[in-house]
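Chains, contacts and geometry: an overview
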Amino acid sequence: RAKARLANLVQSRIKTLQKMEKKEKLDKLKILDFSFRSLPLTTRQALVARNLSFSYDGGKPLIEDFAITVSAGEKICIIGKNGKGKTTLIKLLAGTLQPQSGQIVYHPGVKKGFFEQTNVKSLMDTRTVEEEIIYASPEVDRQQARSICGAMMFSGDDALKKVSVLSGGEKSRVMLGKMLVTPTNLLLLDEPTNHLDMESCDALLAAIDSFAGAVVMVTHNEMFLHTLAERLIIFQNDRIDVFNGSYQQFLDNFGWQDEQPADSAGENPKPRRSEATKLSRKQIRRQKSEIIARRSRIVKPLQEHIARIENDIETHEAEMHRLNDSMQQATQSRDGQRIAELSRSIHRCQSAIDRLFDELEKITTELDSQNAAFETQLKQLE
């Protein structure tokens with residue numbers, strides 16, 4: 001709650017935490033607090049890429065004449081459909097692939113940390129998960145290594161598993177754990193959340209957010225994109241663009257231009273920008289009025305629905321507070337029959353609250369989606 005940048009994450013997790021009844025589960029959450037070890041970087045630029053081009057086997061270039069400067073401390077996310085070249089670009093920036101033309105210049109003080117899901121050959125089959133974390137850095141003790149193991153979903157005796165018996169996904173988590181204990185100031189990450197559970201994803205997000213160095217990351221994770229991205233590298237329409245803004249700003253102003261779905265009311269597909277520029281001012285005003293009218297018809301009922309749900313939640317939470325007070329009194333007086341009655345009432349009330357939160361999340365997501373779609377249509381008419 002203390003970090004404004006993580007406000008969305010906190011709100012989306014409150015409901016989940018309320019459902020967790022077992023104390024052991026909450027104890028597990030407490031240890032999922034880790035951070036990347038950052039080295040200072042006394043420069044404005046971590047790396048500069050100029051005129052990068054790359055293709056496989058002489059085919060159509062996946063990367064062509066691409067340039068970017070990564071500043072110290074900034075966080076950049078690479079987005080786009082699979083197969084468009086995102087992993088190829090992160091490998092080029094990491095230096096594991098060499099461009100066919102162009103160059104990448106790193107500041108002499110840069111220490112890279114590169115995570116790719118398939119790079120597990122450096123792990124030793126005879127070591128345990130815990131040993132791999134310990135050997136990653138001489139400054140890591142056993143207790144720290146165990147904490148990292150737990151965060152990477154190797155709690156308890158699972159930390160003593162040999163690398164040889166791990167699956168591919170488990171080995172990827174070990175690689176990520178090793179990165180956590182290796183001092184760096186430039187993180188290059190290719191889909192780091194693919195094999196993590198929700199709690200580990202949350203902890204990783206917080207670790208990246210607090211990392212003092214620069215981060216370039218390939219991800220489809222909406223929470224990571226909304227929370228972390230300061231700039232975007234976008235693969236779409238067979239080209240690569242750099243967007244200097246947040247993920248929400250990208251969605252509001254441009255969106256995914258290579259997909260033009262019809263809106264939920266069954267209207268015609270949204271006009272492309274090139275079509276909108278051919279319209280007269282009068283036609284544009286008329287179309288804007290039509291879009292605004294459709295938005296009102298669709299959005300207003302959703303807003304009213306959300307208001308009703310929120311009122312119901314407040315009513316049930318007030319009832320829950322009353323029931324808990326009554327339960328405390330019944331417990332003090334050792335009234336077994338009353339305790340049983342209140343327990344059933346509390347269970348019913350909590351179930352109703354959970355159901356309402358689920359419904360609220362669903363309707364809010366629908367409202368956000370509709371608003372974004374209509375905003376995109378209006379922008380395309382400008």
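What this report covers is the structure whose coordinates are included nearby.

Turning our attention to the nonpolar core. Of all hydrophobic cores here, the largest spans 47 residues; its most connected members are Phe34, Phe36, Met152, Ile208 and Leu232. Per-element accounting of this core gives the leading share, 6 residues, to helix α7 (residues 198-210). Apart from the residues lying within four places of it in its own chain, the contact partners of Met152 are Phe34, Arg173, Leu176, Gly177, Leu180 and Leu196. Of all hydrophobic cores here, the second largest spans 29 residues; its members include Leu41, Ile63, Leu93 and Leu186.

Before going further, it helps to spend a moment on the packing of aromatic side chains. Note on aromatic pairs: each is described by the distance of the centres and the angle between the planes. One pass over the structure, following the stated rule, counts 4 aromatic pairs. When the ring of Phe36 is compared with that of Phe211, the centres are 5.9 Å apart and the planes differ by 70°; the resulting orientation is edge-to-face. Here Phe36 is found in the loop between α2 (23-31) and β1 (45-54), whereas its partner Phe211 is found in the loop between α7 and β7 (214-218), with 175 residues between them in sequence. For the residue pair Phe36 and Phe211, the accessibility class agrees, reading buried in each case. By the ring-pair criterion, three or more aromatic residues cluster together here, those being Phe243, Tyr247 and Phe250.

All right, on to the sheet that holds β7 then. The 6 strands are arranged β5-β6-β7-β3-β8-β9 in an open sheet whose pairing can be described as mixed. At either margin of the open sheet sits one strand with a lone partner, and together these are β5 (112-115) and β9 (239-243). Going from strand to strand, the sheet's axes swing by 10° on average, the running direction of each strand aside. Here strand β8 (residues 231-236) pairs with β9 via 5 bridges, running antiparallel. Its bridge partner lying in β9, Ile234 is registered against Asp241. Strand contacts of helix α6 (residues 168-180): β5 and β6 (186-190), with the helix running at about 165° to β5, the strand carrying the most contacts.

All right, on to the pattern of salt bridges then. Tallied over the entire structure, the rule returns 15 salt bridges. The salt bridge partner of Lys91 is Glu116, with a shortest N-O separation of 3.7 Å. Taken as a pair, Lys91 in helix α3 (residues 86-94) and Glu116 in the loop between β5 and α4 (129-136) lie far apart in primary sequence, 25 residues in all. Residue class for Lys91 comes out partly exposed when judged on its relative accessible area of 22%. Notably, a salt bridge pairs Glu130 with Arg146, separated by 2.6 Å at the nearest N-O pair. Separated by 16 residues along the polypeptide, Glu130 in helix α4 and Arg146 in helix α5 (residues 142-151) bring together distant segments of the chain.

Take α7 next. Taking 1.5 Å as the rise per residue, α7 with 13 residues should run 18 Å; its terminal C-alpha atoms sit 19 Å apart, in good agreement. Most of α7 is tucked away: 10 of the 13 residues are buried. By the burial criterion, the buried members of α7 are Glu199, Ser200, Cys201, Asp202, Ala203, Leu204, Leu205, Ala207, Ile208 and Asp209.

The strand order β2-β1-β4 describes an open sheet built from 3 strands, whose pairing is antiparallel. Both outer strands of the open sheet, β2 (63-71) and β4 (101-106), are each paired with one neighbouring strand and no more. Taken pair by pair, the neighbouring strands of this sheet meet at an average axis angle of 5°, ignoring direction. Here β1 pairs with β2 via 6 bridges, running antiparallel. Within the sheet, the bridge partner assigned to Leu52 lies in β2 and is Phe66.

Glancing now at the packing of α4 against α5. Two numbers describe how α4 lies on α5: the axes approach to 9 Å, and their chain directions differ by 120°. In terms of their interaxial angle, α4 and α5 are classed as oblique. In this structure, α4 meets α5 at a crossing whose hand is right-handed. When α4 is examined against α5, the residues Val129, Glu130, Ile133 and Ile134 are found in contact with a partner set consisting of Arg142, Ala145, Arg146, Ile148 and Cys149. Within the contact of α4 with α5, the residues separate by chemical class into 6 nonpolar, no polar and 3 charged.

Our next topic: the environment of Leu187. Topologically, Leu187 is positioned in strand β6. When its relative accessible area of 0% is taken as the criterion, Leu187 is described as buried. In sequence terms Leu187 and Ala214 are 27 residues apart; their C-alpha atoms lie 6.3 Å from each other. Once you skip the residues sitting within four places of it in the chain, Leu187 turns out to touch Phe36, Gly113, Met179, Phe211, Ala214, Val215 and Val216.

Calculation rules
Residues numbered from 1 in each chain as written. Predicted model: local features only at pLDDT ≥ 70, side-chain atom pairs only at ≥ 80, totals over all residues. Heavy atoms only, no water. Core = buried A, V, L, I, M, F, W, Y, C linked by side-chain atoms within 4.5 Å. Buried < 20%, exposed > 50% of the residue type's maximum accessible area, 1.4 Å probe, protein only. Helix = DSSP H or I, 4+ residues; strand = E, 2+ residues; numbered from the N terminus. Contact = heavy atoms within 4.5 Å. Phe/Tyr/Trp six-rings, centres within 6.5 Å; stacked < 30°, edge-to-face > 60°. Pairing = 2+ DSSP bridges. Axes fitted to C-alpha atoms, helices over the stretch in contact; angles between N-to-C directions. Salt bridge = Lys/Arg side-chain N within 4 Å of Asp/Glu carboxyl O. Expected span 1.5 Å × (residues − 1). Parallel < 35°, antiparallel > 145°, perpendicular 65-115°, else oblique. Left-handed = near helix turned anticlockwise from the far one by under 90°. Nonpolar A, V, L, I, M, F, W, Y, C, P; charged D, E, K, R; others polar.

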